[in-house]
Amino acid sequence: MGCALNCTYCYIHGSVYGGEETSVLQVKTNAPEVLYKQLKNRARKGEYGFIGLGSSTDPYPPMEKELEITRELLKIIYRFKFPVNVNTKSTLILRDMELLKKIDEKAVLPKRFQGKLDHGMIVSFSFSTVDPVLVDIFEPGASTVEERFGAMKKFSDEGFLVGANLMPVLPFLSDSEEHLDEAIGKIKEYGANFVLVAGLTLFGDKPKDCKVRYYKILEEYFPEVLEKTKRMFKDSFAPSRDYQAVLHKRSERICRKYDIKSKII
Ligand code: SF4
């Protein structure tokens, strides 16, 4: 529980999604056992659905190299032929390429995806920015942007359905026309089929909560944007609808420019 990549903006710190969070990292060693039971049961009933790996903890933290828990989970997913979307900021995913290929070949697609999607394996890489300076500051445990793009290209060259989650883009730091143009252009260049873009959310008022941590980092490295960021999140955990509409229009326009999809299907 918790995520070793420790991104400053991570929404599990201070939101309901971090409800089980502990002060030290804990490993769910029984995850394979639990997953085995659940998938066996669902497969027997024919209840196939996409499994999302990596929504609130990266599935490839450094300790995965030795523990191989994610790898065990993927073997179970393969055994019961479930489709899966793996989302990561780590190039350790390259280790499992052959296994992921087998999942892609064997997975049973849920009815609503049949005829619309021809892959049972989606490999997604996550970015909040493509600026290496910002990555060092806000994503200290993640692979570098160049490494992530390198891995993305390898998966794309091997015929995987590859995408990018460009989220959260950071207000006043990585949400400009220029920054998004560079990010989406590179995402396309390195072989992604789609890019999903979304804004920042900030939660909590305790020292470890993401809102407090994020403001602290702004104060230290980008004091010029601190007050306007605080105004943006004064009344809500998310920016205004107007901001989100502008971000949406901007990213859609750039996706059209680079001929890349802004959704998976
Ligand atoms: S990789 Fe994802 S889950 Fe892990 S700290 Fe970063 S944002 Fe949170």
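Above: the structure in question.
Residues numbered from 1 in each chain as written. Predicted model: local features only at pLDDT ≥ 70, side-chain atom pairs only at ≥ 80, totals over all residues. Heavy atoms only, no water.

Undergrad: Mind showing me how you'd approach the overall build of the chain here?
TA: A count of helices and strands for the chain gives 10 helices and five strands. The C-alpha atoms of the chain give a radius of gyration of 19 Å, which matches the 18 Å a tight globule of 265 residues would have. Expressed along its principal axes, the backbone C-alpha trace of the chain runs to roughly 55 × 45 × 30 Å. Here the chain holds 265 residues, and 49% of them are scored as buried. Residue pairs in contact within the chain that sit at least 24 positions apart in sequence constitute 77% of those at least 6 positions apart. Taken as a whole, the chain presents about 13800 Å² of accessible surface, with 50% of it coming from carbon and sulfur. For the chain, the distance from the average site of its 41 positive side-chain charges to the average site of its 37 negative ones is 7 Å. (Helix = DSSP H or I, 4+ residues; strand = E, 2+ residues; numbered from the N terminus. Rg over C-alpha atoms; globule rule 2.2 N^0.38 Å. Buried < 20%, exposed > 50% of the residue type's maximum accessible area, 1.4 Å probe, protein only. Contact = heavy atoms within 4.5 Å. Areas by Shrake-Rupley, 256 points an atom, 1.4 Å probe, with all protein chains shown as cover. Lys, Arg positive; Asp, Glu negative; His and termini not counted. Charge placed at Lys NZ, Arg CZ, Asp CG, Glu CD.)

Undergrad: Is there a simple way to explain the side chain of Asp96 in this structure?
TA: Among the structural elements, Asp96 can be located in the loop between β2 (84-88) and α4 (97-106). In this structure the side chain of Asp96 is engaged in a polar contact, spanning 2.7 Å, whose partner is the side chain of Tyr60. Not counting residues up to four positions away in its chain, the partners in contact with Asp96 are Tyr60, Arg71 and Leu74. (Polar contact = N/O pair within 3.5 Å; in protein donor to acceptor, adjacent residues only side chain to side chain.)

Undergrad: Would you take a moment to explain the sheet that holds strand β4 (residues 161-169) for this structure?
TA: Where strands meet in a sheet, backbone hydrogen bonds hold them as pairs that are either parallel or antiparallel. Spatial strand order, β1-β2-β3-β4-β5: five strands in an open sheet with parallel pairing. Among the strands making up the open sheet, the edge pair consists of β1 (51-53) and β5 (194-199). The sheet shows a mean angle of 20° between the axes of neighbouring strands, taken without regard to direction. Where β1 meets β2, three bridges bridge the pair, whose relative direction is parallel. Paired with Ile51 across the two strands is Val84, which belongs to β2. (Pairing = 2+ DSSP bridges. Axes fitted to C-alpha atoms, helices over the stretch in contact; angles between N-to-C directions.)

Undergrad: How should helix α9 (residues 223-232) be read in this particular structure?
TA: For the α-helix, the turn length of 3.6 residues means that residues three or four positions removed from each other point alike. Within α9 the residues assigned to the buried category are Val225, Leu226, Thr229 and Met232. Projected down its long axis, α9 shows its buried positions confined to an angular sector of 130°, all on one face. Of the exposed residues in α9, those oriented more than 90 degrees away from the buried face are Glu224 and Arg231. (Arc of directions from axis to C-beta.)

Undergrad: Looking at this structure, I do not really get the site of the ligand. What am I missing?
TA: Near the ligand, the surroundings consist of Cys3, Leu5, Asn6, Cys7, Tyr9, Cys10, Ser56, Thr57, Asp58 and Lys89. Tallied by class, residues from the shell around the ligand come to five nonpolar, three polar and two charged. (Near = heavy atom within 4 Å. Nonpolar A, V, L, I, M, F, W, Y, C, P; charged D, E, K, R; others polar.)

Undergrad: Help me understand helix α8 (residues 210-221) in this model?
TA: Here α8 is 12 residues long and its end C-alpha atoms lie 16 Å apart, about the 16 Å a rise of 1.5 Å per residue gives. All buried positions along α8 are accounted for by Cys210, Lys211, Arg213, Tyr214, Tyr215, Ile217 and Leu218. Buried residues in α8 make contact with α5 (132-138) and α9. (Expected span 1.5 Å × (residues − 1).)

Undergrad: Help me out: how do you make sense of the nonpolar core in this one?
TA: Generally speaking, nonpolar side chains in soluble globular proteins are found buried as a group. Of all hydrophobic cores here, the largest spans 71 residues; its most connected members are Phe138 and Tyr214. Ignoring anything within four residues of it in the chain, the contact list for Tyr214 reads Thr8, Tyr9, Phe138, Leu170, Pro171, Leu173, Leu200, Leu202 and Thr229. In this structure, Leu109, Phe113, Leu117 and Ile122 belong to the second largest nonpolar core, which totals six residues. (Core = buried A, V, L, I, M, F, W, Y, C linked by side-chain atoms within 4.5 Å.)

Undergrad: Would you mind showing me how to read the packing of helix α1 (residues 31-45) against helix α3 (residues 69-79) here?
TA: Packed helices, taken two at a time, are described by the angle their axes make and the gap between the axes. One way to put it is that α1 packs onto α3 with a least axis distance of 9 Å and a crossing angle of 15°. When the axes of α1 and α3 are compared, the pair comes out roughly parallel. In the packing of α1 onto α3, the handedness of the crossing is right-handed. Where α1 abuts α3, its residues Ala31, Pro32, Leu35, Tyr36 and Leu39 lie against Ile69, Glu72, Leu73, Ile76, Ile77 and Arg79. A class-by-class count of the residues in the contact of α1 with α3 yields nine nonpolar, no polar and two charged. (Parallel < 35°, antiparallel > 145°, perpendicular 65-115°, else oblique. Left-handed = near helix turned anticlockwise from the far one by under 90°.)

Undergrad: Explain the environment of Lys89 to me, please; I cannot follow it from the model alone.
TA: With respect to the helices and strands, the residue Lys89 is situated in the loop between β2 and α4. By relative accessible area, which is 10% here, Lys89 ends up buried. Separated by 171 residues in sequence, Lys89 and Ile260 place their C-alpha atoms 20 Å apart. Apart from the residues lying within four places of it in its own chain, the contact partners of Lys89 are Leu5, Cys7, Tyr9, Asp58, Ser126, Glu139, Ala142, Ser143 and Arg148.

Undergrad: Explain a positive patch on the surface here, please?
TA: Together, Lys40, Arg44, Lys45 and Arg79 give the surface a local cluster of positive charge. Along the chain, Lys45 falls in helix α1. Here Lys45 falls in the exposed class, since its relative accessible area comes to 53%. (Patch = residues over 30% accessible without salt bridge, like charges linked within 9 Å, V, L, I, M, F, W, Y side chains within 5 Å. Salt bridge = Lys/Arg side-chain N within 4 Å of Asp/Glu carboxyl O.)

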